[in-house]
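Observations on chain architecture
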Amino acid sequence: MLGKLITGLTTTQLEIIEGPPAGHIFLEGPAGCGKTTTGVERLARLLESGVRGDSLLVLVPQRALGKPYYDVLHTPGLAAGGLPDVVTIGGLARRMVELFWPLAAEKAGFAHPEAPPTFLTLETAQYYMAHLVRPKLAEGFFETVVIDRNRLYSQIIDNLNKAALNDFDHTEIGERLKSAWVGEISQLRVYDDAQQCANIFRQYCLEHNLLDFSLQVEIFYRLLWQAEPLCQQYLKRTYHHLIADNIEENPPVAHQILQDWLPDFDSALLIFDQQAGYRVFLGADPGQASELRRFCERQVLFSESFITNPSLKSLEEALQRVLQPEKNPALPASLETPGDPSLALSYSQARYYPQMLDDITDRIADLIAQGTPAGEIVVLAPFLSDSLRYSLTYRLEAAGIPARAYRPSRALRDEPATLCLLSLAAIAHPDWQMSPRKEDFTLTLLQALDGLDLVRARLLADSVYRLKEGKPVLESFAQLPASKRERITYRIGEVYDRLRDWLENAASGPVEPLDHFIARLFGELLSQPGFGFHADYKAAEVTANLIESVQKFRWVAGEPLQTEGIPLGREYLQMVQDGVIAATYVHSFQEVVAEAVFLSPAHTFLMQNRPVEYQFWLEIGSRNWFERISQPLTHPYVLSRRWEKGRSWTQSEEERTSRESMTHLVTGLIRRCRGQIHLGLSQLNEQGFESRGPLLHAFDRLLRNLPEIEGGPV
Amino acid sequence: MNLPDNFVFSQGNLQDYVDCKRRFQLRYIERRSWPAIKAEPALVHEEWMQLGARFHRMVEQALSGVPAEQINVSPEDEKLSLWWRNYLSLHGKLTGIENAPEEELSFFPELTLSAGVGGYRLLAKYDLIVITSAGQLVIYDWKTSVKRPRREWLADRLQTRVYPYLLVRAGQTLTGGLPVPPEKVSMVYWFAGYPDDPERFPYNQPAFERDSSYLEGLINEISGLEPTQFTLTDVLQQCTYCQYRSLCDRGTRAGEFTGEEAEGTLAELSDLLFDLDTIPEIGYD
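Definitions and cut-offs
Residues numbered from 1 in each chain as written. Chains lettered and ligands numbered in written order. Predicted model: local features only at pLDDT ≥ 70, side-chain atom pairs only at ≥ 80, totals over all residues. Heavy atoms only, no water. Helix = DSSP H or I, 4+ residues; strand = E, 2+ residues; numbered from the N terminus. Buried < 20%, exposed > 50% of the residue type's maximum accessible area, 1.4 Å probe, protein only. Contact = heavy atoms within 4.5 Å. Areas by Shrake-Rupley, 256 points an atom, 1.4 Å probe, with all protein chains shown as cover. Rg over C-alpha atoms; globule rule 2.2 N^0.38 Å. Lys, Arg positive; Asp, Glu negative; His and termini not counted. Charge placed at Lys NZ, Arg CZ, Asp CG, Glu CD. Buried area = accessible area lost by both parts, 1.4 Å probe. Salt bridge = Lys/Arg side-chain N within 4 Å of Asp/Glu carboxyl O. Polar contact = N/O pair within 3.5 Å; in protein donor to acceptor, adjacent residues only side chain to side chain. Nonpolar A, V, L, I, M, F, W, Y, C, P; charged D, E, K, R; others polar. Pairing = 2+ DSSP bridges. Axes fitted to C-alpha atoms, helices over the stretch in contact; angles between N-to-C directions. pLDDT = per-residue confidence, 0-100. Core = buried A, V, L, I, M, F, W, Y, C linked by side-chain atoms within 4.5 Å. Domains from an automatic or database assignment.

With that settled, consider the overall build of chain B. Scanning chain B from terminus to terminus reveals eight helices and eight strands. The 285 residues of chain B split such that 53% are buried. Nonlocal contacts in chain B, meaning residues at least 24 apart in sequence, comprise 69% of its contacts between residues at least 6 apart. Summed over its atoms, the accessible surface of chain B is roughly 12,200 Å², and 49% of this surface lies on carbon and sulfur atoms.

Turning our eyes to something else, we now look at the overall build of chain A. Looking only at helices and strands, chain A has 28 helices and 19 strands in total. Taken against the 2.2 N^0.38 rule, which gives 27 Å for 714 residues, the C-alpha radius of gyration of chain A at 28 Å falls within 12% of a compact globule. Counting all 714 residues of chain A, 57% fall into the buried class. When the accessible surface of chain A is split by element, carbon and sulfur atoms take 51% of a total near 28,900 Å². Looking at charge distribution, chain A has the averaged site of its 70 positive side-chain charges lying 1 Å from that of its 90 negative ones.

Contacts between the two partners involve 66 residues from chain A, matched on the other side by 55 residues from chain B. Taken over both partners, the interface formed by chain A and chain B buries close to 4,800 Å², and the fraction arising from carbon and sulfur atoms is 56%. In this structure, the connection of chain A to chain B is made through four salt bridges. Put simply, E40 of chain B and R520 of chain A hold a salt bridge, and the shortest N to O gap is 2.1 Å. The interface formed by chain A and chain B contains 19 residue pairs in polar contact (both at pLDDT 80 or more). Examining the composition of the side of chain A that touches chain B, we find that nine residues originate from one element, helix α24 (residues 537–564) of chain A, more than from any other. For the side of chain A that touches chain B, the per-class residue count stands at 31 nonpolar, 18 polar and 17 charged. In this sheet, strand β3 (residues 106–117) of chain B lies alongside strand β3 (residues 81–82) of chain A in antiparallel orientation, the contact comprising two bridges. Directly across from G81 of chain A, in β3 of chain B, lies its bridge partner S114 of chain B.

Residue and element names in this part refer to chain A. Judged by pairing direction, the sheet is parallel, and its six strands sit side by side in the order β4-β2-β7-β8-β1-β9 without closing on themselves. Pairing within the sheet leaves two strands with one partner each, and these edge strands are β4 (85–87) and β9 (298–301). Across the sheet, the mean angle from the axis of one strand to that of its neighbour is 15°, orientation sign disregarded.

Residue and element names in this part refer to chain A. Summary statistics for chain A give a mean pLDDT of 91 and a share of 94% for residues scoring 70 or more. Contacts for the low-pLDDT stretch residues 1–5, under 50 throughout, to residues beyond four places or in other chains number five contacts. Counting interchain partners and residues more than four positions distant, the pLDDT-below-50 stretch residues 586–592 has eight contacts.

What follows concerns the nonpolar core. All names here are of chain A. The biggest cluster of nonpolar side chains holds 184 residues, and the ones touching the most others in it are F142, F220 and L449. Ignoring anything within four residues of it in the chain, the contact list for F220 reads I89, L92, A93, M96, V97, W225, C231, L235 and I257. Counting residues in hydrophobic clusters, the runner-up holds 66 residues, among them L43, F605, L695 and L702.

This paragraph deals with the sheet that holds strand β10 (residues 345–350) of chain A. What holds strands together in a sheet is hydrogen bonding between their backbones, with the strands either parallel or antiparallel. All names here are of chain A. If you trace the six strands from one edge of the open sheet to the other, you get β10-β19-β18-β11-β17-β12, paired in parallel fashion. Bordering the open sheet on either side are β10 and β12 (403–405), each of which pairs with just one other strand. The sheet shows a mean angle of 20° between the axes of neighbouring strands, taken without regard to direction.

All names here are of chain A. According to the domain assignment, chain A contains domain 1 (2–95 + 228–301), domain 2 (110–219), domain 3 (310–408 + 592–704) and domain 4 (412–585). Computed over C-alpha atoms only, the centres of domain 1 and domain 3 are separated by 29 Å. At the interface, 22 residues of domain 1 touch 15 residues of domain 3. Roughly 1,500 Å² of surface becomes buried between domain 1 and domain 3 when both sides are summed, with 52% attributable to carbon and sulfur atoms. The largest contributions to the domain 1 side of the interface with domain 3 come from A31, Q275 and Y278, which together make up 42% of the buried area. Across the domain 1-domain 3 interface, the total number found is three salt bridges. The partner of D273 in a salt bridge is R672, with the nearest N and O atoms 3.5 Å apart. Applying the counting rule to domain 1 against domain 3 returns seven residue pairs in polar contact (both at pLDDT 80 or more). Within the residue set of the side of domain 1 that touches domain 3, elements represented by two or more residues are α13 (252–261) and α14 (286–291). A total of three residues in the side of domain 1 that touches domain 3 trace back to one element, the largest contributor, which is α14. By residue class, the composition of the side of domain 1 that touches domain 3 is eight nonpolar, nine polar and five charged.

Glancing now at the pattern of salt bridges. This structure, assessed with the given rule, holds 67 salt bridges over all chains. Here E524 of chain A ties to R520 of chain A by a salt bridge, and the two come within 3.4 Å at their closest N and O atoms. Within this pair, E524 of chain A and its partner R520 of chain A are both found in helix α23 (residues 514–526), separated by four residues, close to a single helical turn. The exposure classification of E524 of chain A matches that of R520 of chain A, with both residues buried. Where D16 of chain B meets R23 of chain B, a salt bridge forms, and the shortest distance between an N and an O atom there is 2.8 Å. Here D16 of chain B and R23 of chain B have matching classes, each one buried. If you follow the salt bridges from partner to partner, you end up with E512, R520 and E524 of chain A together with E40 and R253 of chain B in one network.

Residues and elements named next belong to chain A. Tracing the backbone through its elements, the reader meets E249 in the loop between β7 (241–244) and α13. It turns out E249 is buried and unbridged, and the closest side chain with the opposite charge, R279, is 4.7 Å from it. Among the polar contacts listed, one links the side chain of E249 to the backbone nitrogen of G277, at a separation of 2.9 Å. A polar atom in the side chain of E249 sits 2.9 Å from the backbone nitrogen of R279. When residues no more than four places from it in sequence are discounted, the contact partners of E249 are P61, A276, G277, Y278, R279, A284 and M607.

In this chain, E40 of chain B is followed by P41 of chain B through a cis amide linkage whose omega measures -10°. Within the secondary structure layout, P41 of chain B lies in the loop between β2 (39–40) and α3 (42–63). Phi is positive for E619 of chain A, which is not a glycine, with a value near 55°. Residue placement: E619 of chain A occurs in the loop between β18 (612–618) and α27 (651–670).

Residues and elements named next belong to chain B. Taken across its 12 residues, strand β4 (residues 120–131) has 11 buried, putting it largely inside the fold. As judged from the three bridges shared by strand β1 (residues 8–10) and β4, these two strands associate in the parallel manner. Bridge pairing links V8 to R121 in β4. Here β3 runs beside β4; their pairing, made up of 11 bridges, is antiparallel. Across the sheet, residue S114 finds its bridge partner in β4, namely L123. The turn joining β3 and β4, which pair antiparallel and follow one another in sequence, is formed by two residues; a positive phi near 60° is taken by G118. Pairing of β4 with strand β5 (residues 137–143) involves four bridges; the strand directions are antiparallel. Looking at β5, one finds that V130 is bridged to V138. Counted along the chain from β4 to the antiparallel partner β5, the turn is five residues long, and its residue G135 has a positive phi close to 85°.

Our focus in this paragraph is the confidence of the model for chain B. Residues and elements named next belong to chain B. Averaged over every residue, the pLDDT of chain B is 87; residues scoring 70 or more account for 89%. Within chain B, the element-level pLDDT minimum falls on helix α8 (residues 263–269), averaging 49, and the maximum on helix α7 (residues 205–224), averaging 98. Note on residues 259–264: pLDDT is under 50 here. Beyond four places in sequence and across chains, it has 13 contacts. Per-residue pLDDT stays below 50 along residues 270–285; that stretch engages in 45 contacts with residues further than four places along the chain or on separate chains.

Once that is clear, we can look at the side chain of E571 of chain A. Residue and element names in this part refer to chain A. Considering the arrangement of structural elements, one finds E571 in helix α25 (residues 568–578). Put simply, E571 is tucked away with no salt bridge, and the nearest opposite charge, on R570, sits 5.6 Å away. Setting aside anything within four residues of it in sequence, one finds E571 in contact with Y127, F553, L561 and I566.

Set out below in structure tokens:
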């Protein structure tokens, strides 16, 4: 295995991989030039050479980027021994806070340092934020902000995270935002409100031993890493070798820790992807990451791409020139790279959006017919709307092409199985007074009873479901007139009665946690023969995710709710209905990538760090390639360590950073393409309007100089 | 070959295979969620698991240098307080290293070792490995079981075979590259509720050879099975605490967690949680 991997490596790569387990190397270069391969092979070689596996730390900015390292660690041929830790800075923070909690809890100001900490997920943090901010909204907070309440809560959480990741005090959030603001004066009040909500949330966390992500990072960095010798000793005693990949995607506290820690590592390999930094909106600071090179004895530059061909390299250069002409003022008219960019690009034009999708489907079908594996094709857009996902997936599947769309997270409440489970929970707990609507009960029956069709489900629901004093009541099948029973069928009636009896028993029995109720409902009833979840793996997966979401909610909010006399199940249902708890689930990053055409938002594809043969770019006219999402309560650039306090954020700053991030985005995409990029253009966009954003203009200018390209001028 | 690429074996999934081939297939090859209740009363089972997790965390804190007096347990957590007191009273008297001066011992808490076996990777996560100055390697496994299992049952568990075997195979990483003779290895189960009644299993070359051949054979057998050959167990008692029971039409209700039957399965159930694999890596992603 290792021998096979070694094949094809350059001398410089081999030099790093086979170098002694000593010294600090800063390895940089553009995407696709073999940096991660070098890191992975270096890891394998260190283990082969007898370095203790558990003394190796691999730091990645997000779990998905650790996959190549996990893969090599699971290789059968790898040397026997201890296993390295592959962690994110967030994972390391949580681990250390858990381990050294007794030493940090009191210093951090927690009201109950003797009790264990409760770690919040994003979902439960959002729940508490909503709990605390809702009364403030009634007082008039955020009056001028017109966004969904849940986005408002998440932006306050985001502000706290940015403060922690940039190591400034959370009490500075409002002032920093205000001092950079140059628009309407009413916005200043919004920032004050955001500050006050952040303060209230932090105080509440300290009073109840709750640790959101920001508090975990802050405690780890300030109280453990900087101030607790035992923690530093532990880390330095444990880890002697470091591989830190994609350091440009990490936040400043991670860089500061690396800078402090580097002298203590016997060996370190820091890997920096030039012109990346795709996670700036999550606090990444590529500028500070690049400064770490000063703390390494050796700097190595990889510049030759193993991915792109000369034509793609020329395309990259040509696009950069039109996207950022100010950065390339003195360049000669002809391209410096030798390839022909027109060979790397093709496009098709249509007046209407569906025509464009048809054309893309045909082209993908042609590629597959010519022997291109489906997994070597991606379709990218700045955002992947549900309608685009559906329209294209439908077309591809109709053409017999396997397709897989990226779903960052899917709201469980949108799943029929969830509706069924939560409706039955509400019926079994009439005191909650959260009776399902008749239509929802019909859909519930459709899910719960095997072999039931919609017509019979409606008839059954109409016949057996009613409300009595606001509480749901289910009649027995036997009480229905014979004509109805016959229409519904006795087989369905028998299964329905089992469901009814089970719910009645549950309602009259002792109250149990909602997650246990759902697990019991699933195991004892719905997954049994005759019921809709029997042998249904999809429904089981949704149920498992719902149970996990409720369980986490109970572990965090159970006690306070009990103190207030509020049933946890009712509160959970209410929060799901309000959208505060999205009950989303994210597919594991280790999910096997199917041999299928991949439909994805452009940023998401970049963070997979996976080159492909063909890329199809859609919605080139959209301004979403260029503009940030509107976030009235936060700001990724102002809330960073690099932003000078008091400096104004002007329109020209906005223009400059937008252009820069668009350039990085398209450059990153080109560098992850081996063959060709195809632009799917339509005169009218998905909504039926003309859109001519900056990326379309850039291609327009570029294509005017490439007359021979397939498709003609844009 | 039905296993996913780079499949990793552990004592847990091998034990599942030995208990029920179909359970192994559903859980590890097909990765099927089937969220039925495992043991009743579910809340008692859950609380026991959480207590066990907290106990393991406290021991890890102590072994990582946090002063024991700063590791707090609320007196209301009677069971946990008792376990913790039992652990603290162990000080310097761990079975297998009773007479060794502490300064001559090397402690390796929460260590993961792995090695290639039968064309796959075999992995184990140890609660604690202690190496004495005389070269003895003692594996400790903290058990917070409801009941204290019998020696025969423990001896039969895959854990009792995989842990010492893998330490011999991969332990040179702890000994500065020196091979680990099987005779120097032993395994101790320490029961938090029965502190004076640990179970010790010595190891030796014949046992190592037997385990080597057994584990390689087992892994070869699993990797060679066709999907239809992952059959249901004939031992129906195995289904009592298995979440797939309704999928396999093997019953509706979970077994009693505090019941008298299935001593071994109960011991395992109350310890299931502590595989560090189940603790997710938290990323800002």
